[in-house]
Structures are given as structure tokens and as C-alpha cells.
Amino acid sequence: MSPSEKYTAAAYLVVFVGVLAYVLIMATKLQRLQREVADILERVRERDRG
Amino acid sequence: MKAIRLPQLAAAATGALGVSIALIFFYAPIDGDQGLSQKIFYFHVPIALTAYACFAWGAWKALLHLWKRPEGADLESYVAIHMGVIFGSLTLLTGSIWAKISWGVWWAWSDNQLVLFLVLFLFYCAYFMLRYSVDPGPARANMCAVYALFGVVLIPVSFLAIRLSRSFIHPIVFTSHGPQMTGSQFFVFCVALAGMLTLFATLYQIELAGKRLDAHLKELRELLA
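Since this is a predicted model, take the numbers as computed values, not measurements. (Residues numbered from 1 in each chain as written. Chains lettered and ligands numbered in written order. Predicted model: local features only at pLDDT ≥ 70, side-chain atom pairs only at ≥ 80, totals over all residues. Heavy atoms only, no water.)

## A closer look at the overall build of chain A
Counting its regular elements, chain A contains one helix and zero strands. Its C-alpha atoms give chain A principal-axis dimensions of about 70 × 10 × 5 Å. For chain A, buried positions account for 22% of its 50 residues. Total accessible area on chain A is roughly 3,600 Å²; 65% of this is exposed by carbon and sulfur atoms. Each charge class in chain A can be summarised by its mean position, and for the 8 positive and 6 negative side chains these summaries are 3 Å apart. (Helix = DSSP H or I, 4+ residues; strand = E, 2+ residues; numbered from the N terminus. Buried < 20%, exposed > 50% of the residue type's maximum accessible area, 1.4 Å probe, protein only. Areas by Shrake-Rupley, 256 points an atom, 1.4 Å probe, with all protein chains shown as cover. Lys, Arg positive; Asp, Glu negative; His and termini not counted. Charge placed at Lys NZ, Arg CZ, Asp CG, Glu CD.)

## Looking at the pattern of salt bridges
Following the criterion strictly, the structure yields eight salt bridges over all chains and no others. The closest approach of N and O atoms between A:R49 and A:E42, which form a salt bridge, is 3.7 Å. Here B:E76 makes a salt bridge to B:R212, at a shortest N to O gap of 3.0 Å. Placement of B:E76 in helix α3 (residues 73-103) and of B:R212 in helix α7 (residues 183-224) is noted, with a sequence separation of 136 residues between them. Under the relative-accessibility criterion, B:E76 is labelled buried at 8%. One continuous salt-bridge network, built from bridges that share partners, spans A:R32, A:E36, B:D214 and B:R221. (Salt bridge = Lys/Arg side-chain N within 4 Å of Asp/Glu carboxyl O.)

## With respect to the confidence of the model for chain B
On average, residues of chain B score 89 in pLDDT, and 93% of them are at 70 or above. As scored by the predictor, the complex reaches a pTM of 0.90 and an ipTM of 0.85. (pLDDT = per-residue confidence, 0-100.)

## Description of helix α2 (residues 41-67) of chain B
All names here are of chain B. Taking 1.5 Å of rise per residue, 27 residues should cover 39 Å, and α2 covers 38 Å from first to last C-alpha, within 8% of that figure. In terms of burial, α2 is largely enclosed, as 19 of its 27 residues are buried. Looking one or two residues beyond α2, the residue adopting positive phi is R69, at roughly 55°. (Expected span 1.5 Å × (residues − 1).)

## A short note on the environment of B:K39
In this fold, B:K39 is placed in the loop between α1 (6-26) and α2. Here B:K39 falls in the buried class, since its relative accessible area comes to 2%. B:K39 sits 176 residues away from B:A215 along the chain, and the two C-alpha atoms are 42 Å apart. The contacts of B:K39, once residues within four sequence positions are left out, are A:T8, A:Y12, B:I24, B:F25, B:A28, B:P29 and B:I30. From its side chain, B:K39 meets the backbone oxygen of B:A28 in a polar contact 3.0 Å long. (Contact = heavy atoms within 4.5 Å. Polar contact = N/O pair within 3.5 Å; in protein donor to acceptor, adjacent residues only side chain to side chain.)

## Some remarks on a nonpolar patch on the surface
Taken together, the side chains of A:L13, A:F16, A:V17 and A:L20 present a nonpolar region at the surface, about 400 Å² in accessible area. With respect to the helices and strands, the residue A:V17 is situated in helix α1 (residues 3-49). (Patch = residues over 30% accessible without salt bridge, like charges linked within 9 Å, V, L, I, M, F, W, Y side chains within 5 Å.)

## Structural notes on the state of the cysteines
In a disulfide, the sulfur atoms of two cysteines are covalently bonded to one another. Residue and element names in this part refer to chain B. Inspection of the entire model under this criterion finds zero disulfides over all chains. Looking at C54, it has no disulfide partner, and the nearest cysteine sulfur is the one in C125, 13 Å off. Residue C144 stays outside any disulfide, its sulfur separated by 14 Å from that of C125, the closest cysteine. (Disulfide = S-S within 2.5 Å.)

## Observations regarding the packing of α2(B) against helix α4 (residues 112-131) of chain B
Residues and elements named next belong to chain B. Two elements in contact, α2 and α4, have axes separated by 12 Å at closest approach and are oriented at 40°. Viewed along their axes, α2 and α4 adopt a mutual orientation that is oblique. The chirality of how α2 crosses α4 is left-handed. Residues A51, Y52 and F55 of α2 form the contact with α4, whose participating residues are Q113, F117, L120 and Y124. In terms of residue class, the contact of α2 with α4 is built from six nonpolar, one polar and no charged. (Axes fitted to C-alpha atoms, helices over the stretch in contact; angles between N-to-C directions. Parallel < 35°, antiparallel > 145°, perpendicular 65-115°, else oblique. Left-handed = near helix turned anticlockwise from the far one by under 90°. Nonpolar A, V, L, I, M, F, W, Y, C, P; charged D, E, K, R; others polar.)

This is the structure in C-alpha cells:
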């Protein structure tokens, strides 16, 4: 690979990794929100039973 | 923007970016002067323009918050600025890589556009320091809105710096005579720009939905307590 090819690939890789990292962060957040929704649902059910 | 559904927006962003990558590597001509590294231009410049668009959108929402006070404008302004910082980071990273192969250095302090973009970027990074150092509420929303509006002044300065600058190390592509590139290059550039703007719209909607869901859950927890 020539230096030109390496640097071009690196620039595109940076963008790809950046977007991927963002998706990963959002996926983690989504999991946390899912857990919180499940927790609230459980509390509502407990309240209804009690 | 609300009329377009998120999956459609995400599909449009994926499609536009996929097509733009294909066009960049299989259709756009290889530059005679810079060679293959010139292809960084097709992502670097649209990302930079998208960062400007994010900051401008954030400032517009900040202005709306101060002017008409619609519900959620403060959150929308915050999310747009957050997106702007992400696209700004990518601009600086791709720009540095392009500078290294083209100019032989990672950064040129003598170039006004680079320095002004960095100032704009750091200005909006400091926005988060302000936001998280004040308790949530109307006072924080007002302070953040005023700060976001001050920053928008830097956008035209940063954009015009290259034209006002005496050092011409940074290439001038868009002049008063139009874009300085061939028709095919300009076409590929426009597709890449559309892809980046659609990506911004998608990520903006995703983050906004997440923040709103977070706020609703917090409210629910308080109601149940």
C-alpha cells in the first residue's frame, strides 16, 4: 500500500469507527432504558398486587 | 422533519452514504495533483459543513427557546450542539490526516481556517461544561441558549476565514466563480453532502428520542415514588 492509500483508508476508517462508537453508545443507553422500563413495570405490578 | 419516520431516515442515510462511497472510489476521477488522497475531500468537507449545520441548527433552536419558548427547544438545541461536536471531531481528525499526506504536517497553526474551526469546536465543547455546571431548570436553559447564540457568530467567520486569509495553504474550492472542480467531482461531493446531512438528521432524531424517553422515565419514577 502506498502512503496515499494508507492515509485515505485511515481517514475513512476514522469516520466509520466514529459512527460505530456512537451506535455502540446509543445501544448501551437503549439497554439501560429497557432495564428501567422493566423495573418501573415491575413496581407498577407490585403496587397493583399490594 | 417530524413527518419523516426514523427508520426511513436511517435507510436514506445508509443508502446515500453507501452510494457516495461507491461513487467516490469507482466514479470520481483521481486528482492529477494530489492523487488518491484527494478522495478524503469527499468526506472531510461534507462532515465540516454538517458540523456547521449542526451548530447553526442548535443556535436556531436556542433562539426559538428565548423567543417563543416552545417546549423542548432547549433539549433540541443541546442535542444539535452535541451532534456538532461529534461531526467537528471527525472534521479535525480527517482534516489532520489529509494535512499530513498533503502538507507533511498534522496541523498548521498558520492556517486561519484550521485555527478558527478549532476555536469554534472548543467554544462548543465548553457549552457542555456550562450546561453540566448549572442545575437543570429555566435558568440553565436560558444561559445555554445565550451561549449557543454567541457561538453561531463564529460560523461565518470560520467559513470566510480562508477567503480573507493571506496564507493559501488550505485549498479554496468554493469561490465567487462557483465550485473549482469538475462536474463529476461536484456531483459526488453533493451526494456525500446529502448523505452526511441525512446521517445528522438520523442521529439527531435517535438521540432526541433517547433523551425524551429518559425524561419521561424520570417523571414516571417520581410519580411512582
